[in-house]
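A closer look at the structure
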Amino acid sequence: MTVPQFSSVIAVHPGTVHRWESAGALPVTIDGVAANVLAALDQKLHSGQQFQPNQVGDEVVRALLVGGALVALGLLIAELVGGRKP
């Protein structure tokens, strides 16, 4: 997923994502929806549960292209809070 795609999904400017990345290990202030989504992503990645970030990212990009940012965000949130049903 590209920075512009990701920034669109979490409702921030692409420059904001670049600023976060360039901070390295330094703490950055993140609030709003972006803070909640990033915290949930971090928790999911470190939970030990089965989670395939590349696959989820590809699905979010497809949802972004087909349905827009809200659909992509909804799909991402659904994956983070409970995953998809088989």
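Residues numbered from 1 in each chain as written. Predicted model: local features only at pLDDT ≥ 70, side-chain atom pairs only at ≥ 80, totals over all residues. Heavy atoms only, no water.

**Observations regarding the overall build of the chain**
Looking only at helices and strands, the chain features 5 helices and 0 strands. Of the regular secondary structure in the chain, the N- to C-terminal order runs α-α-α-α-α. For a compact globule of 86 residues, the expected C-alpha radius of gyration is about 12 Å, and the chain comes in at 13 Å, within 12% of that figure. Seen through its principal axes, the chain has C-alpha atoms that stretch 40 × 30 × 20 Å. Counting all 86 residues of the chain, 31% fall into the buried class. As presented, the chain carries roughly 5,600 Å² of accessible surface, and 59% of it is formed by carbon and sulfur atoms. Between the mean site of the 5 positive side-chain charges and the mean site of the 6 negative ones, the chain shows a separation of 7 Å. (Helix = DSSP H or I, 4+ residues; strand = E, 2+ residues; numbered from the N terminus. Rg over C-alpha atoms; globule rule 2.2 N^0.38 Å. Buried < 20%, exposed > 50% of the residue type's maximum accessible area, 1.4 Å probe, protein only. Areas by Shrake-Rupley, 256 points an atom, 1.4 Å probe, with all protein chains shown as cover. Lys, Arg positive; Asp, Glu negative; His and termini not counted. Charge placed at Lys NZ, Arg CZ, Asp CG, Glu CD.)

**A closer look at the confidence of the model for the chain**
On average, residues of the chain score 89 in pLDDT, and 95% of them are at 70 or above. Confidence scores differ between elements of the chain, with helix α3 (residues 32–45) showing the lowest mean pLDDT of 90 and helix α2 (residues 14–22) the highest of 94. (pLDDT = per-residue confidence, 0-100.)

**Side note on the layout of surface pockets**
When its volume is computed, the largest pocket comes out at roughly 220 Å³. Around the largest pocket, the lining residues are Met 1, Phe 6, Leu 41, Leu 45, Phe 51, Pro 53, Asn 54, Val 56, Gly 57, Asp 58, Val 60 and Leu 76. Within the residue set of the lining of the largest pocket, elements represented by two or more residues are α3 and α4 (53–67). Broken down by element, the residue count for the lining of the largest pocket peaks at 6 residues, all from α4. Here the residues of the lining of the largest pocket are counted per class, giving 9 nonpolar, 2 polar and 1 charged. (1 Å grid on protein atoms, 1.4 Å probe; cavity = no way out; pocket = protein on both sides within 12 Å on 5 of 7 lines; lining within 4 Å. Points joined across faces, edges and corners; volume = space filled by probe spheres on them. Nonpolar A, V, L, I, M, F, W, Y, C, P; charged D, E, K, R; others polar.)

**Thoughts on the packing of α4 against helix α5 (residues 69–81)**
At their nearest, the axes of α4 and α5 sit 7 Å apart, and the two run at 155 degrees to each other. Comparing their axes, α5 and α4 come out roughly antiparallel. In this structure, α4 meets α5 at a crossing whose hand is right-handed. Here α4 contributes Val 56, Glu 59, Val 60, Ala 63, Leu 64 and Gly 67 to the contact with α5, which in turn contributes Ala 69, Val 71, Ala 72, Leu 75, Leu 76 and Glu 79. A breakdown of the residues in the contact of α4 with α5 according to their chemical character gives 9 nonpolar, 1 polar and 2 charged. (Axes fitted to C-alpha atoms, helices over the stretch in contact; angles between N-to-C directions. Parallel < 35°, antiparallel > 145°, perpendicular 65-115°, else oblique. Left-handed = near helix turned anticlockwise from the far one by under 90°. Contact = heavy atoms within 4.5 Å.)

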